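Structure at a glance
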Amino acid sequence: MCGIIGYVGTRDASPILIESLKKLEYRGYDSSGIGLLDHGSRLIVRKSKGKIRNLEELLRSHPLPFSTVGISHTRWATHGLPCDENAHPHTDNKHQIAVVHNGIIENYAQLREKLKKQGCRFISQTDTEVISHLIAACYKGDLKEAVQRSIKQLKGAFAIGVISKDHPDMLVAARVGSPLIIGLGDDENYIASDVPAILDRTRRVIYLQDGQMAVLTKDKVEVFTFDGKKVAPKIDTVSFTIGLAQKEGYKHFMLKEIHEQPGVLEAMLKTRLAGGKLKLEGLDVSDKVLASIKKVMIVACGTAYHAGLVGKYIIESLARLSVEVDTSSEFRYRSTIIDQNTLIVAVSQSGETADTLAAVREAKAKAKGAKVVSICNVVGSSLVRESNGVLYTHAGPEIGVASTKAYTAQLMMFYLFGLKLAQVRRSTPRSRINKIIKDLQSIPRHYKELLKKNSNVLKVAEANSHFGCFLYLGRNINFPTALEGALKLKEISYIPAEGYPAGEMKHGPIALIDEYRAVVCIAVASHVYEKMISNIQEIRARKGNVIAIATQGDREIAHHAHYVIEIPRIEELLTPLLAVIPLQLMAYYIAVKRGNDVDQPRNLAKSVTVE
Ligand code: M6R
């Protein structure tokens, strides 16, 4: 949801900013812009609607001068249409100050009216523009002080980067709610929305905290609270490599990330199940508390919500605990019944999803003393800081907007967490726990096999890519798999796709079925297999086209379905881990066949840091 990058150093800023900005394009891609100070102390801004390549084209026809300080932005529109005027950076009327912003200023309308009365002319429809005018109004020769006085008037979420014509060697940054990191280089420093943007330049980073601002020059970074108190920031060294943030020969990040799944799960199992013993480091909730909880409340959005739904089946089955799952955006506004005996589990790849953060705050306010555990991929994210414990998935950076490896890593974490709960609550016999552990250890091998034999999925995808509507049906623990399959398809192919519990088909969706629909049925070996077969027959009777996800060795299914995609045989509880792989691949192949931009689908952004 908007990417920002800033540079101050000794080298030419614009190529550095553009290259880094491209690594943030997954965060938003409807327009982009760059602002620089040349050493004659002119503030120069260039903006362009559309992807960063349009900005690059503009810079080729209107080159920028050499400059050693600058800011840049890639936008996902919230206030105002995608167009040149609404692209960042935004400036004040004297063209002295430029600002890039990620987040939403909730009181922008009041501030805008106030500033207009003071004579400010607004060029854009954005909420951000108030920040540049506000800083200019507060400016009395000290940029840090002007930013500090301005941000105190802002309500909402923001990560900002600011430069001023009067300070050609300085970059000021601040954050509340939206992520911002500082990269420490030699004779140069950076700000960025996310680590991959600067990973090829430095590994030393400061995760700026909420309510902190920073003043960067080429050889110094100082961090302050909004009250001006200096703080000693913690410097972290990022462990993942630049390769993880590059395509490495794959046509798309999404395909690369699908293929990374065996390695991600292998690494998880190695650290979390060393010697067959569960090691949930970071959980930070005692066995005594885990044994005493009465209910689990899972909150998440999108794909992470689907992982949470699978988590419900796992925990109910293994730990015999009652589990509720809600989308964060619904949870935060309903009168949920939770208390200190409820364990809140928040699931998020980015750890920055505004609705999930708000849901966690709401849960903490409602159930004083209740523990919050997050299942999260991004180290040091806002969600992690608001949780009592964190189970990191360590899946590496996920750049493709459509989540794949983060999902299967979240599922794996739910299995491990379910086993942990089962152990402390003595709710599942030791022999069954051991069997599940053994089966989990076989998953990376099965993944490799599934990904090697993907030509059948490609064939099925190509044969069905012309359908204008897809229905995904599953039962029990694979009902969430149906939801996830449908979400993947609609996100990147733009084909209307619905996920449904197969038993609900007769209550409405069956009206959709005719020879022009494709119906994906997850009919793997399970205690609801026969029920799925009956549903498939009902679809066939209405001329629907059936694609079945079935278990290897199932000889019956070919008599019912038009197409069969097989997954290896595995314990029923673990089938969601395998069944989703062909669905990810099928969505990918269909989107590619339709010529869509798989990694940056229209209207979406990787992390949704606004409500
Ligand atoms: O970063 P999060 O896991 O909190 O993000 C939640 C959703 O925005 C995300 O899963 C979204 O639905 C993906 N585009 C799904 O592919």
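As the structure is a computational prediction, the values presented were derived from the model and not from experiment. (Residues numbered from 1 in each chain as written. Predicted model: local features only at pLDDT ≥ 70, side-chain atom pairs only at ≥ 80, totals over all residues. Heavy atoms only, no water.)

Surrounding the ligand, one finds 13 residues, the nearest of these being Ser-348, Gln-349, Ser-350, Thr-353 and Glu-491. At 2.4 Å, a side-chain N or O of Thr-353 approaches an oxygen atom of the ligand. Val-401 has a polar backbone atom sitting 3.1 Å from a nitrogen atom of the ligand. When the ligand is considered free in solution it has 410 Å² of accessible area, and contact with the protein chains removes 90% of it. Looking at the shell around the ligand, the elements that each hand over two or more residues are helix H9 (302-319) and helix H17 (479-493). Per element, the largest residue contribution to the shell around the ligand is three residues, and it comes from H9. (Near = heavy atom within 4 Å. Polar contact = N/O pair within 3.5 Å; in protein donor to acceptor, adjacent residues only side chain to side chain. Areas by Shrake-Rupley, 256 points an atom, 1.4 Å probe, with all protein chains shown as cover. Helix = DSSP H or I, 4+ residues; strand = E, 2+ residues; numbered from the N terminus.)

Another aspect to go through is the packing of aromatic side chains. Under the criterion given, the structure shown has five aromatic pairs. Both rings, one in Tyr-588 and one in Tyr-589, keep their centres 5.7 Å apart while their planes meet at 65°; by these two values the pair is edge-to-face. Across this residue pair, the class does not change: Tyr-588 and Tyr-589 are buried. Among the aromatic residues, those joined into a cluster by ring pairs are Phe-467, Phe-470 and Tyr-472. (Phe/Tyr/Trp six-rings, centres within 6.5 Å; stacked < 30°, edge-to-face > 60°. Buried < 20%, exposed > 50% of the residue type's maximum accessible area, 1.4 Å probe, protein only.)

This part is about the domain arrangement of the protein. In terms of domain boundaries, the protein breaks down into domain 1 (3-238), domain 2 (243-451) and domain 3 (453-611). Here the C-alpha centre of domain 2 lies 34 Å away from the C-alpha centre of domain 1. Every contact between the two is made by eight residues of domain 1 and, on the other side, eight residues of domain 2. One can count zero salt bridges joining domain 1 with domain 2. (Domains from an automatic or database assignment. Contact = heavy atoms within 4.5 Å. Salt bridge = Lys/Arg side-chain N within 4 Å of Asp/Glu carboxyl O.)

Counting 98 residues, the largest nonpolar core has Tyr-415, Phe-417, Leu-440, Phe-470, Tyr-472 and Met-586 as its most contacted members. Those residues in contact with Phe-417 that lie beyond four places of it in its chain are Leu-280, Leu-283, Leu-290, Ile-315, Leu-343, Val-345 and Leu-391. One finds Phe-122, Tyr-139, Val-215 and Phe-224 within the second-largest nonpolar core, a separate group that totals 28 residues. (Core = buried A, V, L, I, M, F, W, Y, C linked by side-chain atoms within 4.5 Å.)

Here we come to the sheet that holds strand S16 (residues 295-300). Strand order in the open sheet formed by five strands is S17-S16-S18-S19-S20, with parallel pairing between adjacent strands. Single-partner strands in this sheet number two, and they are strand S17 (322-327) and strand S20 (389-392). Averaged over all adjacent pairs, the angle separating strand axes in this sheet is 20°, with direction ignored. In the packing of helix H13 (residues 405-425) onto the sheet, contacts are made with S16, strand S18 (342-348), strand S19 (372-376) and S20, and the angle to S18 comes to roughly 160°. (Pairing = 2+ DSSP bridges. Axes fitted to C-alpha atoms, helices over the stretch in contact; angles between N-to-C directions.)

Here we come to helix H19 (residues 575-593). For H19, which comprises 19 residues, the first-to-last C-alpha distance of 28 Å matches the rise-based estimate of 27 Å (1.5 Å per residue) to within 8%. Counted residue by residue, H19 has 17 buried out of 19 residues, so it is predominantly covered. Two residues or fewer past H19, Gly-595 is found with a positive phi of approximately 75°. (Expected span 1.5 Å × (residues − 1).)

Most of S19 is tucked away: five of the five residues are buried. Both faces of S19 are covered, namely the face carrying Val-372, Ser-374 and Cys-376 and the face carrying Val-373 and Ile-375. In this fold, S18 hands off to helix H11 (residues 354-366), which returns the chain to S19; that crossover is right-handed. Inspection of the sheet shows S19 paired to S20 by four bridges, in the parallel sense. (Right-handed = clockwise from strand over helix to strand, strands pointing away.)

What follows deals with the pattern of salt bridges. Per the stated rule, a full pass over the model turns up 32 salt bridges. Among the salt bridges present, the one from Asp-200 reaches Arg-201, with a minimum N-O distance of 4.0 Å. On the basis of relative accessible area, Asp-200 is assigned to the partly exposed category, the value being 40%. The class of Arg-201 is partly exposed, set by a relative accessible area of 24%. The partner of Lys-488 in a salt bridge is Glu-491, with the nearest N and O atoms 3.6 Å apart. Placement of the pair is Lys-488 and Glu-491 together in helix H17, with a separation of three residues, close to one helical turn. Taken together, the shared-partner salt bridges connect Glu-248, Lys-256, Glu-260 and Lys-405 into one network.

Direction vectors running N to C along helix H7 (residues 261-272) and H13 enclose 25°, while the axes themselves pass 9 Å from each other. Here H7 lies roughly parallel to H13, going by the angle between them. The handedness of the crossing between H7 and H13 is right-handed. Packed against H7, whose contacting residues are Gln-261, Val-264, Leu-265, Met-268, Leu-269 and Arg-272, the element H13 presents Lys-405, Thr-408, Ala-409, Met-412, Met-413 and Leu-416 at the interface. Here the residues of the contact of H7 with H13 are counted per class, giving eight nonpolar, two polar and two charged. (Parallel < 35°, antiparallel > 145°, perpendicular 65-115°, else oblique. Left-handed = near helix turned anticlockwise from the far one by under 90°. Nonpolar A, V, L, I, M, F, W, Y, C, P; charged D, E, K, R; others polar.)

Residue Glu-491 is classed as buried on the basis of its relative accessible area, which comes to 14%. With 111 residues separating them in the primary sequence, Glu-491 and Arg-602 have C-alpha atoms 8.3 Å apart.

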